[in-house]
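Residues per chain are reported as follows:
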Amino acid sequence: MPSRLAQYKDEDLTMVDHLVIGAGVVGLAVGRQLAQRSGSTLVVDKNRQFGMETSSRNSEVIHAGIYYPKDSLRTKVCIEGKNRLYAYCQQQGISHQRVGKWVVAQGAEQVEYLHALRRHCAEVGVPAELISRAVASKEEPLVRADAALVSPTTGIVDSHGFMSAMLRDLTESGGTFAPNTSVVAIQRDRGSYRVLVTTGDAETPFMAIRAPVVVNAAGLWADRVANMLVADSHPWREQYRLHFAKGRYYVLDAGASARLGVRRLVYPVPDKNVVSLGTHLTLDLGGAIRFGPDVEWTSSNTNYESEGGAPIEEVVRAINGYLPAVRSEDLGLGYTGIRPKLQRPGGAFCDFVIREESDANMAGFVNLIGLESPGLTSSLAIATMVDKILH
């Protein structure tokens, strides 16, 4: 494909000021932000419509920003993004609810973790309150907790409605969205980038684009897009290598949901390196209960099949740690998502990559890599950050 791209003459190139690769929630947010500036903005996605991968296969939670290191990008953009997202939903009439969340502890060691987490929340300016077993039992009689950290600014959102609103903003500001458009080659050329895409059109199967600004928001494919620009020996090959964590969600049947009557999100204490927030309880906007995701490391970023996961009995045991009334027969398999992680299996915490690559002699190329949770919550703040980096 690079050789095909090199065959295009300058007069054959489609010129845009900003090219955004990927129309998930982050790509749409960035495209919307850039389209509101002068100049042309094009957002491309290989799928038939926006948000068909990680952005539509998640818990739809508006996260508070309580888990990650104080000075990390994840904490910064999550807290800022949360505030922007609530305001945007209110302004645009997007369905959302500030339902709140409990992180529940079982045993003295986990209770001590909650005390540390509350101190962390105070340091980063996120509201949080620690409640006792007695108070928790009064509020949620069926939830088992020796203590609970209450996060009142956690919520849920209609992610499709959110993305639809951002796409509308993008097009109303003069931007363009091109679905069924896959990036297959990128070359640095005289201060800008030549990008070859497939179009899905039989008569003109390829199109070449020139753009001085390219934003790589390709999600599960972001490392592969970045690698199109570099040699096999380049540090990006290892630095930006993604690892894929597959997670299944389980739906509680309507009768069990009514019997439990849980009114907020409930999360167990996360693992040490926050690889996962645990098999947690979330609500949808209709009040239905679902659990997940579990974690299965996989080499595939396309296999959403449900087989190969933990036995349902194991899932129920994890849930019963904080909600003993749930039974195997109450659960049905819902859907599966895949998270793009820079953190390798068993590895330490990895922060988001939000980087304009001038230091790599690629001015105007922005890599957004490893944007898993809380990417949805953070998306509007990430877009603002990208805009500031470029302008």
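Scroll up to find the structure.
If you're wondering where the values come from, they're calculated on a predicted model, not measured in any experiment.

Draft legend 1. Just the overall build of the chain, in detail. A tally of regular secondary structure across the chain gives 11 helices and 22 strands. Each of the three principal axes of the chain carries a C-alpha extent, and together these read 70 × 40 × 40 Å. Residues classed as buried in the chain amount to 55% of the 391 residues present. Of all intrachain contacts in the chain linking residues separated by at least 6 positions in sequence, the fraction that spans at least 24 positions is 73%. With the model as given, the accessible surface of the chain reaches about 16300 Å², and the carbon-plus-sulfur share is 49%. Side-chain charges of the chain comprise 41 positive and 42 negative groups, with the mean position of each set lying 3 Å from the other.

Draft legend 2. Examining the pairing of strand β2 (residues 18–21) more closely. Taking every second residue as pointing to the same face, both faces of β2 are buried, with H18 and V20 on one and L19 and I21 on the other. As paired strands, β2 and strand β3 (residues 41–44) are joined by four bridges and run parallel to one another. Bridge assignment links I21 to a residue of β3, and that residue is V44. Where the polypeptide runs from β2 across helix α2 (residues 25–35) and back to β3, its parallel neighbour, the crossover connection is right-handed.

Draft legend 3. The arrangement of the side chain of S151 in detail. Within the secondary structure layout, S151 lies in strand β8 (residues 147–151). Overall, S151 belongs to the buried group, its relative accessible area being 0%. What S151 contacts, discounting residues up to four positions off in sequence, is A64, I66, G100, K101 and P127.

Draft legend 4. Main features of helix α4 (residues 108–124). Here α4 contains 17 residues, and its C-alpha end-to-end distance of 25 Å stays within 8% of the 24 Å for a straight helix at 1.5 Å per residue. Looking only at α4, the buried set comprises V111, L114, L117, H120, C121 and V124. Each buried residue of α4 sits inside an arc of 165° when the element is viewed along its axis, so together they form one side. Looking at α4, the residues exposed on the side facing more than 90 degrees away from the buried face are A108, E109, A122 and E123. Looking one or two places after α4, you find G125, whose phi comes out positive at around 80°.

Draft legend 5. Just helix α10 (residues 312–320), in detail. Those residues of α10 lying buried are V315, V316 and I319. Viewed end-on, α10 has its buried residues packed into an arc of 100°, placing them on one side of the element. Its buried side turned inward, α10 meets β15 (243–252), β18 (289–292) and β20 (331–341).

Draft legend 6. Region of interest: the environment of K388. Position of K388 relative to the elements: it lies in helix α11 (residues 375–390). What makes K388 exposed here is its relative accessible area of 63%. Each C-alpha atom, one on K388 and one on Y8, is 32 Å from the other, the two residues being 380 residues apart in sequence.

Draft legend 7. The nonpolar core, seen in detail. Core analysis: the largest hydrophobic core is formed by 48 residues, its most contacted members being I66, L114, L281, F291, L323 and L331. No other element matches the five residues that α4 contributes to this core. Ignoring anything within four residues of it in the chain, the contact list for L114 reads V103, V104, A105, L130, A147, A148, L149 and V269. Grouped together as the second largest cluster of nonpolar side chains are 42 residues, A23, V26, L380 and V386 included.

What counts, and at which threshold
- Residues numbered from 1 in each chain as written.
- Predicted model: local features only at pLDDT ≥ 70, side-chain atom pairs only at ≥ 80, totals over all residues.
- Heavy atoms only, no water.
- Helix = DSSP H or I, 4+ residues; strand = E, 2+ residues; numbered from the N terminus.
- Buried < 20%, exposed > 50% of the residue type's maximum accessible area, 1.4 Å probe, protein only.
- Contact = heavy atoms within 4.5 Å.
- Areas by Shrake-Rupley, 256 points an atom, 1.4 Å probe, with all protein chains shown as cover.
- Lys, Arg positive; Asp, Glu negative; His and termini not counted.
- Charge placed at Lys NZ, Arg CZ, Asp CG, Glu CD.
- Pairing = 2+ DSSP bridges.
- Right-handed = clockwise from strand over helix to strand, strands pointing away.
- Expected span 1.5 Å × (residues − 1).
- Arc of directions from axis to C-beta.
- Core = buried A, V, L, I, M, F, W, Y, C linked by side-chain atoms within 4.5 Å.

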